[in-house]
Amino acid sequence: MIGCGTRGKMIDVMIERWIAPGGRTDFLWSVWRDGKRVHMGGKCASADAAETDARVFCRQRLGREPDEITRL
C-alpha cells in the first residue's frame, strides 16, 4: 500500500487462544502495523468477541478496518 501515516500501512489483527491450567479459555487480541505491535487488547470470552473489540479499536484509533485478521 502506498500512502502516508496510518492509511498507507498494513494493519493486522492477531487473535490468540489461551487455555489456563484450570481449563478456562481466554481470547486475547493485538493490533500490528507493518510488523510492529501497536496495541494489546484485553481478555475476551470468545474469538468473535475479540475480533469485534479489535475491529472497534482499529476504526476508532486507526481510522479504518484491519487488512487482515488471523486467529491463532
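Per chain, residues are indexed from 1 in the order of the written sequence. Whole-chain, interface and lining totals are the exception, using all residues; otherwise, since this is a predicted model, local features are given only for residues with pLDDT of at least 70 and side-chain atom pairs are given and counted only at 80 or more. With hydrogens and water stripped out, all remaining heavy atoms of the structure feed into the side-chain values.

(A) Region of the structure containing the overall build of the chain. Broken down by element type, the chain carries one helix and four strands. Under the scheme applied here, a residue whose accessible area is under 20% of the maximum for its type counts as buried, over 50% as exposed, and between as partly exposed, the area being computed with a 1.4 Å probe on protein chains only. Per-residue burial for the chain yields a buried fraction of 31% across its 72 residues. In this description, accessible areas are obtained by the Shrake-Rupley approach with a 1.4 Å probe, and a residue is regarded as covered only by the protein chains that are shown. Surface accessibility of the chain: about 4,700 Å² in total, with carbon and sulfur atoms responsible for 52%. In this description a helix means any DSSP run of H or I spanning at least four residues, a strand means any run of E spanning at least two, and both kinds are numbered starting from the N terminus.

(B) Up close: the sheet that holds strand β2 (residues 25-33). When DSSP finds two or more bridges between a pair of strands, those strands are recorded as paired. Read from one edge of the open sheet, four strands run β3-β2-β1-β4, paired in mixed fashion. Both edges of this open sheet fall to β3 (36-44) and β4 (68-71), since each of them pairs with a single strand only. Strand-to-strand twist in this sheet, taken as the mean axis angle between neighbours without regard to direction, amounts to 20 degrees. Note: β2 against β3, six bridges, orientation antiparallel. The residue of β3 that forms the bridge with L28 is K43. Residue contacts are defined here by distance: any two heavy atoms, one from each residue, within 4.5 Å place the two residues in contact. Helix axes are fitted only over the stretch in contact, all axes being lines through C-alpha atoms; the angle between N-to-C directions runs from 0 to 180 degrees. Taken strand by strand, helix α1 (residues 47-62) contacts β1 (11-19), β2, β3 and β4, and its axis lies near 25 degrees from that of β2.

(C) Just the pattern of salt bridges, in detail. Salt bridge, as used here: a side-chain nitrogen of Lys or Arg that lies within 4 Å of a carboxyl oxygen of Asp or Glu. Applying the stated rule across the entire model yields eight salt bridges. The residue R71 makes a salt bridge to D48 at a minimum N-O spacing of 2.8 Å. Placement of the pair is R71 in strand β4 and D48 in helix α1, with a sequence separation of 23 residues. One salt bridge connects E51 with R55, and the closest N-O pair in it is separated by 3.1 Å.

(D) Expanded view of the packing of aromatic side chains. Ring geometry is summarised as follows: Phe, Tyr and Trp rings, the Trp one being its six-membered ring, pair when their centres sit within 6.5 Å, and such pairs are stacked at plane angles under 30 degrees, edge-to-face over 60 and tilted between the two. In the structure shown here, the tally under the stated rule is one aromatic pair. With a centroid separation of 5.9 Å and an interplanar angle of 55 degrees, the aromatic rings of W29 and F57 are classed as tilted. Of this pair, W29 sits in strand β2 while F57 sits in helix α1; the two residues are 28 residues apart in sequence, bridging distant segments of the chain.

It is worth stressing that arrangement in space is one thing and function is another; only the former is reported here.
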